[in-house]
Amino acid sequence: MAIGFELKGESMSEIPLVQLLTPEGERVSHPDYDTSLGRDDIFAMWRDMTIIRRLCNEATSLQRQGQLALWAPLQGQEAAQIGAGRALAPNDFTFPSYREHGIAWCRGIPPENWLRMFRGVHHGGWDPQKYRHSVPTIVIGNQALNAVGYAMGVQRDGAEEATMVFFGDGATSEGDVNEAFVWAGSFDAPVVFFVQNNQWAISEPTIRQTKIPLYRRAEGFGFPGIRVDGNDVLAVYEVTRRALAHAREGGGPTLIEAFTYRMGAHTTSDDPTRYRIDAEVEAWKHRDPVERVKAYLVRQHQVPAASFDDVTEEANTLAAKLRDDVLSMPNPEPLSIFEHAYADVHPLIEEGKRDMVELGIAGGGH
Amino acid sequence: MAIGFELKGESMSEIPLVQLLTPEGERVSHPDYDTSLGRDDIFAMWRDMTIIRRLCNEATSLQRQGQLALWAPLQGQEAAQIGAGRALAPNDFTFPSYREHGIAWCRGIPPENWLRMFRGVHHGGWDPQKYRHSVPTIVIGNQALNAVGYAMGVQRDGAEEATMVFFGDGATSEGDVNEAFVWAGSFDAPVVFFVQNNQWAISEPTIRQTKIPLYRRAEGFGFPGIRVDGNDVLAVYEVTRRALAHAREGGGPTLIEAFTYRMGAHTTSDDPTRYRIDAEVEAWKHRDPVERVKAYLVRQHQVPAASFDDVTEEANTLAAKLRDDVLSMPNPEPLSIFEHAYADVHPLIEEGKRDMVELGIAGGGH
Amino acid sequence: MAQMTMAKALNEGLRRAMENNPKVLLMGEDIGKLGGVFRVTDGLQKDFGEDRVIDSPLAESGIVGTAVGMAIRGYRPVCEIQFDGFVYPAFDQIVSQVAKLHSRSDGVYTMGLVIRLPYGGQIGAIEHHSESPEGYFAHTAGLRVVSPTTPNDAYWMIQQAISHDDPIIFCEPKCRYWEKGDVDLDHPPRGLFEANVAREGRDVTVVTYGPSVRTALRAADAAAAEGRSVEVIDARSIAPLDFGVMVTSVQKTGRLVVVAEAPANASVSAEIAARLAEDCFYSLSAPPLRVTGYHTPYPPSRIEEEYLPSVDRILDAIDRVIGFES
Amino acid sequence: MAQMTMAKALNEGLRRAMENNPKVLLMGEDIGKLGGVFRVTDGLQKDFGEDRVIDSPLAESGIVGTAVGMAIRGYRPVCEIQFDGFVYPAFDQIVSQVAKLHSRSDGVYTMGLVIRLPYGGQIGAIEHHSESPEGYFAHTAGLRVVSPTTPNDAYWMIQQAISHDDPIIFCEPKCRYWEKGDVDLDHPPRGLFEANVAREGRDVTVVTYGPSVRTALRAADAAAAEGRSVEVIDARSIAPLDFGVMVTSVQKTGRLVVVAEAPANASVSAEIAARLAEDCFYSLSAPPLRVTGYHTPYPPSRIEEEYLPSVDRILDAIDRVIGFES
Ligand SMILES: Cc1ncc(C[n+]2csc(CCOP(=O)(O)OP(=O)(O)O)c2C)c(N)n1
Ligand SMILES: Cc1ncc(C[n+]2csc(CCOP(=O)(O)OP(=O)(O)O)c2C)c(N)n1
Ligand SMILES: [Mg+2]
Ligand SMILES: [Mg+2]
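Source: prediction; values computed, not measured. (Residues numbered from 1 in each chain as written. Chains lettered and ligands numbered in written order. Predicted model: local features only at pLDDT ≥ 70, side-chain atom pairs only at ≥ 80, totals over all residues. Heavy atoms only, no water.)

Asker: Would you take a moment to explain the overall build of chain C for this structure?
Answerer: In terms of regular secondary structure, chain C is built from 12 helices and 14 strands. Expressed as lengths along the three principal axes of its C-alpha atoms, the size of chain C is roughly 60 × 40 × 40 Å. Counting across all 326 residues of chain C, residues that qualify as buried make up 75%. Counted over contacts in chain C with a minimum sequence separation of 6, partners at least 24 positions apart contribute 80%. In the form shown here, chain C has an accessible surface area of approximately 8400 Å², with 45% of it arising from carbon and sulfur atoms. Side-chain charges in chain C split into 31 positive and 44 negative, and the spacing between the mean points of these groups amounts to 2 Å. (Helix = DSSP H or I, 4+ residues; strand = E, 2+ residues; numbered from the N terminus. Buried < 20%, exposed > 50% of the residue type's maximum accessible area, 1.4 Å probe, protein only. Contact = heavy atoms within 4.5 Å. Areas by Shrake-Rupley, 256 points an atom, 1.4 Å probe, with all protein chains shown as cover. Lys, Arg positive; Asp, Glu negative; His and termini not counted. Charge placed at Lys NZ, Arg CZ, Asp CG, Glu CD.)

This is the structure:
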C-alpha cells in the first residue's frame, strides 16, 4: 500500500504495515495476521466507529455553541481507537491522553463523562478504577511511565492483565515516553504502547519528531514494534489483540504504531489551514476508516441498508442525549476546589474553605 | 571476540564490534576499518594512556590523603578516551560528564584544572572556550542536549566542526539523552554521541538499562550506531575519526558505543565489592587497554624498553607536579561565591556581599 | 505611538530583536507556520527562515537543553514553552544548567537566553493551561523572572530581556494577550527590573504582577468609589523584586496587600510580604496580607473565578488592613 | 530504646514499614546490592527480594513516573532520589501527576507515595549534592514535605509518611545521617506534621528545620553563654507548617529569626516570616529576620561554610532582633 507520505530515504510503500482491509473495503491477506471476526463482530465495530464519530461531531458543535471550552476531535482515528479498544480484555487497564474518546467508549464510560473536562467542570470525568481507564493526561507523555509502573504492579500481583497506554506521534519525542521504553524493556513489563501516528502534532508533521517510521523506535529499546494501518479496524484489532496477549503471557512490551490521520483540527482552537494543504486531507478521505468497513460489510456480508440506518439513528439519539447531558451539567460547587486536593486534612485547605465561606463565595454557583 | 558478557538472547560473540588490536596486541583486520597510524602515532597514544593512568592514580592517592573531596577514576577506559580524544580536530567542541580526564588531557587542559572540582574549589575548572571542552556536567545526561544545541549552532554558522558528547551507559536511560537523539535525528546535527559502556552505573550493570546492546539504540532514532572495542585505542580512534568526519561533512549524528570496563570504583566514595565479583574484574584485566598497545609496539615495531621507561618517568614527573599543584591550590575567596552567579548586577548579590563583609567573613580564606 | 495587542507587541518586539541581532533565534513547538498557539511568533518564520525560527520536536527539556548549547555557541535563543504547565519537563535543564552555567564556567559562558512562558489563568482553559510557576524560578538563584502587563511593556521588555546577559524567564500573562494599548516604538518606559506604580494612592499599597494587575486596578477603582485611595504597584520584575518602589509606597500608606494568582505558600507573594515586613517594620500599621490562589491544584475553569484573587477578595483584604486594630 | 544513626534509623523504619505492609516497595538507583549510596536501604533487597526493592534504570522521571503507576495499582512506593540536585528530572511527574492525580481522579487514586530526598549541605560534596529544593515542593499544592532531624524522628516519620495517604517529599538532612541518637521503638514522639520545640527559651524564637537545626541549637548554646535565652523550633513538617507552635513561641518572645540553608527568595523561610508577621503582628517587637544560604548557586564545598547559615550569622541576627530599636 502506498500512502504517498515520503520518509527520508524510504517511501511508505516499502514500509511493512499490517493491513487486512484495503481502503476500498477489500479483504486482503497478511502473512502473520488473519481475522477471526465474523460479520456481527465487524458490524459491531462499524457501529462503534459510527457512534463515536457522531458523538465527536456533536461535541464539536457543542463547543461551537459555547457549551464546551474546547474539544479534541478524533475524526479519522476511529479505527485505531475501536480496533484497540475492542481488543482489550475487561481486566486490562488503559491510560489515555486526551483524544481517546473511542477507548473511553469501549470501556463503557458514559459519553457525557468524556466531556466534563472539555466543559471545564472537572479535570478527570469518570471513576478510573471502575472503568479500568485512567483519567486524561494532558502533559504529553507523562502517562507512558505511569502505565509502565502500573504494569509492574500487575507483574508483582502475578495477574494475567495487560496495560495499554495511548499517546501521539508528537509524544514520542518526550523524555518520559523514552524512559517508559527503557523501563518496559528492562522489566519486561506487560504493557502495550499504542501510538496513534496521526501525522501531526498540532502544526508539526511527524517528520519533525523522527525521520524513520515510529514503530522502529522500539527496536533500539529491545522490544518489538509494529506498524499497522490505523484506518483498518480489523488489522488494528488483530495486532492489538496479539500484543495484549503477549503482554499477559509474560512476553513483555510491544510498541504498536497505528498509521492514521487526524482529519480535523488538533482541537477546536486550532486552525489547520495554516500548516497543511487540503489535498493532503482529501487524499486521506479516500482511506476513511468507517467507510471501508461499510463497503466490506455490504459487499462481503450483504448487510442491508436498514441495519446501517438503524445505527445512524441510534447515534443520533445518543448525540441528542449527550447534548442534553452537557446542557444540564451543573457547574461545580466552589467549595469542591478543596475537596480532593489532599486525602487527609490540611491546614491550608481548611483555611481556604473558611475564607471562601466568610467571603460568601461558597454555597452558590456562578 | 568473545567478552563473556551475556546479553539476553545473544552472546557478546555475536555482536559486531570493531576491533583492530586484540587484547594480546595482535593487529587484526576489519572489513570496514583500517588504521593509517604509524609507530610514532601509536606510541604517542600509549604515552597518553600511560600518563593519564598515572595522573589518575595520583588523584586517587591525593583523595585518600584528604586532599580531594572525591575522585572519579578512569582506569580501564584509557583507550576509549584517548582514542576518541586524539580523533578530534582542534576546532571540534566536546561536552564531558565527570570522568573524561583523558579527553581533558587531549584537549590540552592542565591536569590540575581537572582536579579543582574534586578538591571542592570550583564547579568547573578550566576555560571551556579556550580549550573547546565544556565544563563538567554532573547531572546525568544534561550535556547531551547541550551538545546537540551547540552542534545546531555550528550548523547555522556553516562551520565544518563536529561536536562530541560523552556519557555513560547509565546515562542512556535519562530522558534528556533520548531527547538529544530525537533532536540530532530531526536536525541532522553534526554531533557524535560517545557512550563509554563501562558495564556499570555505580552498582547497576548495563543490563538494567538495556537488554540489547546500547549502540542499537541509535537505529530507532534514525541514525547509525556502532560498537567498538573500547579497550582498543586504534579501533576507537578510527571509528571516532570517521564519525566526526561524517558529522563535519553534514552526514549527521552517530552513536558510538565504546565497550569497555570501569576497573576501579565508581568514585573514591564507592565500594564495588558490594556489587561485583573479583573474577569479573580479573577477566577484564586481560583486556587492559594500555598493555595491548605496548605488546604491539614491542612486537610489531620493536620499540625499545627505554622509550617506555622514559614515558613512565615523564608520567611520574607530571604526577609529582600535579600533587604540588593540588597541595598549593588555594581555597576560593568567600566573596567569589557572588562573582559569577549573575552576569549583570543583582540586588540580592549586592546584599549578600554586604552581609558577608559586615559579618567579617569576607576577605580571608578558612 | 501605535495601538496594538500585547500579543502583537511581543511579535513586534521579537521581530525588532531579530533584526537587530542575527544571533537571536526562536525555538519552540508550533512557532513556525502556525505562529504559536497564541500567534506571538506569527509571520516570523516566513521572514527570518526556518533556521532562525525553529519548530522543535515535542519535548521541553529538549527545547531548553538545546538552547543552552546554542547559547554556548554564541547564539541568543528565545524559547517558547507553549503553556505554563508544560515547563516542568524542562525544569532540570533550567535549574541545573541554565541557572548555573555562567557561574560554573567562571563567567565564560553567557546564558543570555530567554524562556517565554504564557502563564496564569482567567482564560477558561483545561488543566495545566492556567498555572503560575513563577515562584519556582524566582526561588532559583541564577535566574531572573519578569512579566509585562501592557503592550508597551511587552514590546520593550522582550527586547530588553533578549539583550540581557542573564537567563530570563519571561512570563506572559496570557489573559491579557488580546488587550490593546499604546506602544511607544521609540522609547522604553523604564528599565527591565523596575517596578511601576500603576496607580497612585494614599491608604493602602497593593503589590502585584502579571495577570493580577488588572484585577488589582479594578479593585482600586471600586475602593475609590468607597473613598479609599489604593496605590497599585505592578512589580514587572518578579525576580529580582524592585523593593525600592515598594518600600517608598508602604512607608507612605502603612498598609500592604500582596496579590498573586499563585498559591501563597513559599511563593513570590510570601517574599514580598516577608521582605516588606522586615524593611517597613515601623511603617506598617497593619499586618501584611496576601490574596492569592488557594493551596490546591488549579481548578476546572468553571470555578476558576472563585479560586483566583478577585476584586471582592482584594477589597476584603483592603478593608481588613484598613480596619485592623486589635 | 536503642542507639543508632539516622541512616540506620531510616533503614529500620523502612524495614518495619515493609514488614507491616506487603504493598510497600522501594525504588531507586543503587538501592539494592549497594544499599544506596548512604546505605539507608542496606540489606533490604536481600531480605525483601528484588521485586520489593527495585534497582531502577538511571532516570528520575522514570522512578517517580512508574511509582505513580504502582500507586494507582494499589502499591505504596517509596522512591529514593540519590541526591537533592537530581530530583529535577522528576519535577514534572511530581508537580503534574503526583501532586494532582488524587484530585483529578476525584479521590479515587491514592497517591500515598513517598519520595526520599537526601538534601542540604555541610558534607563537602561536589556540585548538585548539597541543594535544598524543599521550597519548590512546599510551594506545590497537593504535596507535603517533612524533614526529620534526629534518629528517633527519622525512624517514626518515615513510617508515618509511608502510611499517610498523601504524597510526601521526605527530605533527609544528609549531614546528620551518621549522628547517633536514641530511638524509642515503641512510641512515636509526635504526629508527622507537628513542630517540635527543640530548645525552650524566652528572648528570641528561632524557627528552622532539617540541616540547620543543629546549627541553630549551637547558636542557642552560644547565645546562652551571653545570657540570651533562645527558643529553637524544629518545624519537622515543612509543608504544611505547624504555625500553632510557632505563634505561641513568638507571642512569648516577640522576636523571630528564621534559619534555612535554601536561599531566602520566595522560599519556605519567606513563608514562615510572612505568616508570622501576619499572625503575630502585635507581638513582634522587631522585624522578622532570615538567615539563609545566599542567592547564588550552591558554592564549591571549600567555601560552603561561608555560604550557609553559620552559628555566627545566626548570633548576629539574634543580636539584631534583640537590639532592634529604630
Ligand atoms: C508537555 C506538553 N507540551 C506541550 C503540550 C501542548 N500540546 C498539546 S497536544 C500537543 C501535540 C500532541 O501531538 P501528538 O502527541 O501527536 O498527539 P495528537 O494531538 O496528534 O493526538 C501539544 C504540543 C502539552 N500538552 N504537554
Ligand atoms: C540525574 C542524576 N541522577 C543520579 C546521579 C548520581 N550518579 C552519579 S554517577 C551515576 C552513575 C552513572 O553511570 P554511567 O552513566 O554509566 O557513567 P559512569 O559513572 O559509569 O561513567 C549516578 C547514578 C547523577 N549524577 N545525576
Ligand atoms: Mg499526532
Ligand atoms: Mg557506566
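Asker: How should I be thinking about the sheet that holds strand β8 (residues 225–229) of chain A in this particular structure?
Answerer: Where strands meet in a sheet, backbone hydrogen bonds hold them as pairs that are either parallel or antiparallel. Residue and element names in this part refer to chain A. The strand order across the open sheet built from 5 strands is β3-β4-β5-β9-β8, with neighbouring strands paired in parallel fashion. The two strands at the open ends of the sheet, each matched to only one other strand, are β3 (93–95) and β8. Strand-to-strand twist of the sheet, defined as the mean angle between neighbouring strand axes without regard to direction, takes the value 20°. (Pairing = 2+ DSSP bridges. Axes fitted to C-alpha atoms, helices over the stretch in contact; angles between N-to-C directions.)

Asker: Would you take a moment to explain the interface of chain D and chain C for this structure?
Answerer: Buried accessible area, meaning the area lost when the parts come together, often serves as the stated size of an interface. With 51 residues of chain D in contact, the opposing surface of chain C contributes 51 residues. Per-residue buried area on chain D facing chain C is highest for Y136, H139 and F281 of chain D; these three make up 17% of the total on that side. Where chain D touches chain C, the interface holds 6 salt bridges. Residue E131 of chain D is joined to K100 of chain C by a salt bridge in which the shortest nitrogen-to-oxygen separation is 3.5 Å. The tally of links between chain D and chain C comes to 14 residue pairs in polar contact (both at pLDDT 80 or more). If you list the elements that add at least two residues to the side of chain D that touches chain C, you get α4 (91–98), α5 (101–104), α6 (134–138), α10 (268–279) and β14 (289–292) of chain D. By residue number, the principal contributor to the side of chain D that touches chain C is α10 of chain D, which donates 8 residues. (Buried area = accessible area lost by both parts, 1.4 Å probe. Salt bridge = Lys/Arg side-chain N within 4 Å of Asp/Glu carboxyl O. Polar contact = N/O pair within 3.5 Å; in protein donor to acceptor, adjacent residues only side chain to side chain.)

Asker: Looking at this structure, I do not really get the site of ligand 1. What am I missing?
Answerer: Surveying the vicinity of ligand 1 reveals 20 residues, the closest of which are Y98, R99, I138 and W200 of chain A together with E60 of chain C. Surrounding ligand 1 is a set of residues that belongs to chains A and C. The separation between an oxygen atom of ligand 1 and a polar side-chain atom of R99 of chain A is 2.6 Å. A distance of 3.1 Å separates a nitrogen atom of ligand 1 from a polar atom in the backbone of I140 of chain A. Protein coverage of the free-state accessible area of ligand 1, which is 580 Å², stands at 95%. Taken together, the residues of the shell around ligand 1 sort by class into 10 nonpolar, 5 polar and 5 charged. (Near = heavy atom within 4 Å. Nonpolar A, V, L, I, M, F, W, Y, C, P; charged D, E, K, R; others polar.)

Asker: I would appreciate a short explanation of the packing of aromatic side chains in the present structure.
Answerer: Scanning the model with the defined rule gives 65 aromatic pairs over all chains in all. The interplanar angle of 50° and the centroid separation of 5.7 Å between the aromatic rings of F91 of chain D and F137 of chain D together place this pair among those described as tilted. In this pair, F91 of chain D sits in helix α4 while F137 of chain D sits in helix α6, placing the two residues 46 residues apart along the sequence. Residue class for F91 of chain D comes out buried when judged on its relative accessible area of 0%. F137 of chain D gets classed as buried once you look at its relative accessible area, which sits at 0%. An aromatic cluster is defined as three or more aromatic residues linked by ring pairs; in this entry it consists of F167, F181, F193, F221 and F223 of chain A together with F167, F181, F193, F221 and F223 of chain B. For R287 of chain A, the ring lying beneath its charged end belongs to W284 of chain A, and the centroid distance is 4.6 Å. Between the NZ or CZ atom of R313 of chain D and the centre of the ring of Y294 of chain D, over which it lies, the distance is 4.2 Å. (Phe/Tyr/Trp six-rings, centres within 6.5 Å; stacked < 30°, edge-to-face > 60°. Lys NZ or Arg CZ within 6 Å of the ring centre and 35° of its normal.)

Asker: Can you walk me through the interface of chain A and chain D in this structure?
Answerer: Counting residues at the interface gives 43 residues for chain A, matched by 43 residues for chain D. Together chain A and chain D conceal approximately 3400 Å² of surface at their shared face, both sides included; 56% is due to carbon and sulfur atoms. Contact with chain D buries area across many residues of chain A, yet R156, W183 and H340 of chain A alone supply 20% of it, more than any other trio. There are 5 salt bridges connecting chain A and chain D. Residue D51 of chain D pairs with R156 of chain A through a salt bridge whose shortest N-O separation is 3.6 Å.

Asker: In this structure, what is going on with the environment of A260 of chain D? I would like to understand it.
Answerer: Residues and elements named next belong to chain D. By the secondary structure assignment, A260 is in strand β13 (residues 256–260). A260 sits in the buried class, given a relative accessible area of 1%. C-alpha separation for the pair A260 and P211, spaced 49 residues apart in sequence, amounts to 7.9 Å. Every residue in contact with A260, bar those within four places of it in the chain, is listed here: Y209, S212, S269, V291, T292, G293 and P309.

Asker: Any chance you could explain the pattern of salt bridges here in plain terms?
Answerer: Any two side chains of opposite charge can pair, on the condition that their charged atoms come close. Counted according to the given criterion, the structure contains 92 salt bridges over all chains. Taking the shortest distance from any N to any O, the salt bridge between D48 of chain A and R47 of chain A comes out at 3.9 Å. On the accessibility criterion, D48 of chain A (2% relative accessible area) is buried. For R116 of chain D, the salt bridge is made with E80 of chain D, and the minimal N-O distance between the two is 2.8 Å. Within this pair, whereas R116 of chain D is found in strand β5 (residues 114–119), its partner E80 of chain D is found in strand β4 (residues 76–80), the two being separated by 36 residues in sequence. The two residues R116 of chain D and E80 of chain D agree in class, both being buried. Taken together, the shared-partner salt bridges connect R132, D157 and E161 of chain A together with K23 and R73 of chain D into one network.

Asker: Is there a simple way to explain the nonpolar core in this structure?
Answerer: General note: in soluble globular proteins, nonpolar side chains tend to be found buried as a group. Ranked by size, the top nonpolar core spans 396 residues in total, and within it F193 of chain A, F193 of chain B, L276 of chain C together with L276 of chain D carry the most contacts. Apart from residues lying up to four places away in sequence, F193 of chain B is in contact with A144, V148, V165, F167, A180, F181, A184, F223, P253, T254, L255 and I256 of chain B. (Core = buried A, V, L, I, M, F, W, Y, C linked by side-chain atoms within 4.5 Å.)

Asker: What am I meant to see in the coordination of the magnesium ion (ligand 4) here?
Answerer: Each pair of donors in an ideal four-coordinate tetrahedral metal site encloses 109.5 degrees, whereas pairs in an ideal six-coordinate octahedral site enclose 90 or 180 degrees. Residues and elements named next belong to chain B. Around the magnesium ion (ligand 4), the donor atoms from the protein are D169 (OD), N198 (OD1) and W200 (O), and they sit 2.1 Å away. Taken in sequence order, the residues that donate to the magnesium ion (ligand 4) follow the motif D-x28-N-x1-W. Residue D169 is located in the loop between β4 (163–168) and α7 (175–187), and its partner W200 is located in strand β6 (residues 200–201); the two are separated by 31 residues in the primary sequence. Residue class for D169 comes out buried when judged on its relative accessible area of 1%. (Donors = N, O, S within 2.8 Å, 3.2 Å for Na, K, Ca; no water.)

Asker: Honestly, the packing of helix α3 (residues 60–72) of chain C against helix α4 (residues 91–98) of chain C in this entry has me stumped. Any pointers?
Answerer: Between two packed helices, what matters for the description is the angle formed by their axes and the separation of those axes. Residues and elements named next belong to chain C. Following both chains from N to C, one finds α3 and α4 inclined at 20°, their axes separated by 8 Å at the closest point. What the angle tells us is that α3 and α4 run roughly parallel. Here α3 contributes S61, V64, G65 and V68 to the contact with α4, which in turn contributes Q93, I94 and V98. (Parallel < 35°, antiparallel > 145°, perpendicular 65-115°, else oblique.)

Asker: What's the story with the coordination of the magnesium ion (ligand 3) in this structure? I'm lost.
Answerer: Residues and elements named next belong to chain A. Around the magnesium ion (ligand 3), the protein contributes the donor atoms D169 (OD), N198 (OD1) and W200 (O), at 2.1 to 2.2 Å from the metal centre. Binding-site remark: the magnesium ion (ligand 3) is held by donors from one chain whose sequence spacing is D-x28-N-x1-W. Classification of N198 as buried rests on a relative accessible area of 4%. By relative accessible area, W200 is classed as buried at 8%.

Asker: Can you walk me through the confidence of the model for chain C in this structure?
Answerer: Reading fine detail from the predicted coordinates is not recommended where pLDDT is low. Averaged over all residues, the pLDDT of chain C is 97; the fraction at 70 or higher stands at 99%. Here the prediction assigns the complex a pTM of 0.97, and the interface score ipTM is 0.97. (pLDDT = per-residue confidence, 0-100.)

Asker: Whenever I open this one, helix α12 (residues 311–323) of chain D confuses me. Can you help?
Answerer: The α-helix winds at 3.6 residues per turn, so residues separated by three or four positions along the chain end up facing the same way. Given a rise of 1.5 Å per residue, 13 residues ought to cover 18 Å, and the 18 Å separating the end C-alpha atoms of α12 of chain D matches this to within 8%. Those residues of α12 of chain D not exposed but buried are R313, I314, L315, A317, I318 and V321 of chain D. (Expected span 1.5 Å × (residues − 1).)

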